[in-house]
Amino acid sequence: EAQVTQNPRYLITVTGKKLTVTCSQNMNHEYMSWYRQDPGLGLRQIYYSMNVEVTDKGDVPEGYKVSRKEKRNFPLILESPSPNQTSLYFCASSLRTGPQQYFGPGTRLTVT
Amino acid sequence: GNSVTQMEGPVTLSEEAFLTINCTYTATGYPSLFWYVQYPGEGLQLLLKATKADDKGSNKGFEATYRKETTSFHLEKGSVQVSDSAVYFCALSLQTGANNLFFGTGTRLTVIP
């Protein structure tokens, strides 16, 4: 089954404790992206990747890192999480030319 | 720049009522337009799309027409069901360069029996 998976689905952590949210897709897509969803703001792009070893900032990259060492994986790293990073995070993938993006189920992160 | 403005919610309708959710956009190029739907506790799913002016996207009884002259992509359904209760997002992507999506803020629809 074609899908985008994220882990964990739920995470509660404390300020400053490094964490990684994994994202994997099995559709051989070149393009992958991370979004955060906040009430009243819709989805905002954090980082995206056009292919292996190619990453670029989205609209809200501060406080986040990503890597793309393999085509199927695109982890999101929070080196020192803060409470303002409490949010619902979505990973998505698509063919390089799009247009449709496929979304993972989401990771709800709470930073206390 | 590129942006999407969609109707503020929440919207509450009775079953079998007519639905319209307005969406307008600003884009620096020639965008593709999308409606995504998010059911409670789930990720986003593509509902319908249109890639050029005057195209009509349709799926599950929902329709939207790409109107270049009014820069709009309004979502409509003639008769909503309780199972349509969800959050609806209008989005655009440019057809050149990275396949980045620009989302509206979302409209929560609740359909009551």
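Residues numbered from 1 in each chain as written. Chains lettered and ligands numbered in written order. Predicted model: local features only at pLDDT ≥ 70, side-chain atom pairs only at ≥ 80, totals over all residues. Heavy atoms only, no water.

Enquirer: For the state of the cysteines, give the residues involved together with the corresponding values.
Expert: As enumerated under the stated definition, the model contains two disulfides over all chains in all. Between the sulfur atoms of C23 of chain A and its disulfide partner C91 of chain A the distance amounts to 1.8 Å. Measuring handedness by torsion sign, the sulfur bridge of C23 of chain A and C91 of chain A sits at about -75° and is left-handed. On the criterion of sequence distance, the pair formed by C23 of chain A in strand β3 (residues 19-25) and C91 of chain A in strand β9 (residues 87-94) is long-range, its members being 68 residues apart. The residue that forms a disulfide with C23 of chain B is C90 of chain B, at a sulfur-sulfur distance of 1.9 Å. Here the disulfide of C23 of chain B and C90 of chain B is left-handed, its torsion about the S-S bond being about -65°. Pair noted here: C23 of chain B is in strand β4 (residues 23-26) and C90 of chain B is in strand β10 (residues 86-94), with a separation of 67 residues, a long-range link. A relative accessible area of 1% places C23 of chain B in the buried class. (Disulfide = S-S within 2.5 Å. Helix = DSSP H or I, 4+ residues; strand = E, 2+ residues; numbered from the N terminus. Buried < 20%, exposed > 50% of the residue type's maximum accessible area, 1.4 Å probe, protein only.)

Enquirer: Summarise the environment of N7 of chain A; cite the residues concerned and give the values.
Expert: Residues and elements named next belong to chain A. Mapped onto the elements, N7 comes out in strand β1 (residues 4-7). Put simply, N7 and E30 are 23 residues apart on the chain and 20 Å apart in space, counted from C-alpha to C-alpha. In contact with N7, other than residues within four places in its own chain, are T20, V21 and T22. (Contact = heavy atoms within 4.5 Å.)

Enquirer: Describe the pairing of β3 of chain A, naming the residues involved and giving the relevant values.
Expert: Residues and elements named next belong to chain A. Counting buried positions along β3 gives five out of seven residues, so the element sits mostly inside the fold. Sheet topology note: the β1/β3 ladder contains four bridges and is antiparallel. Its bridge partner lying in β3, T5 is registered against S24. (Pairing = 2+ DSSP bridges.)

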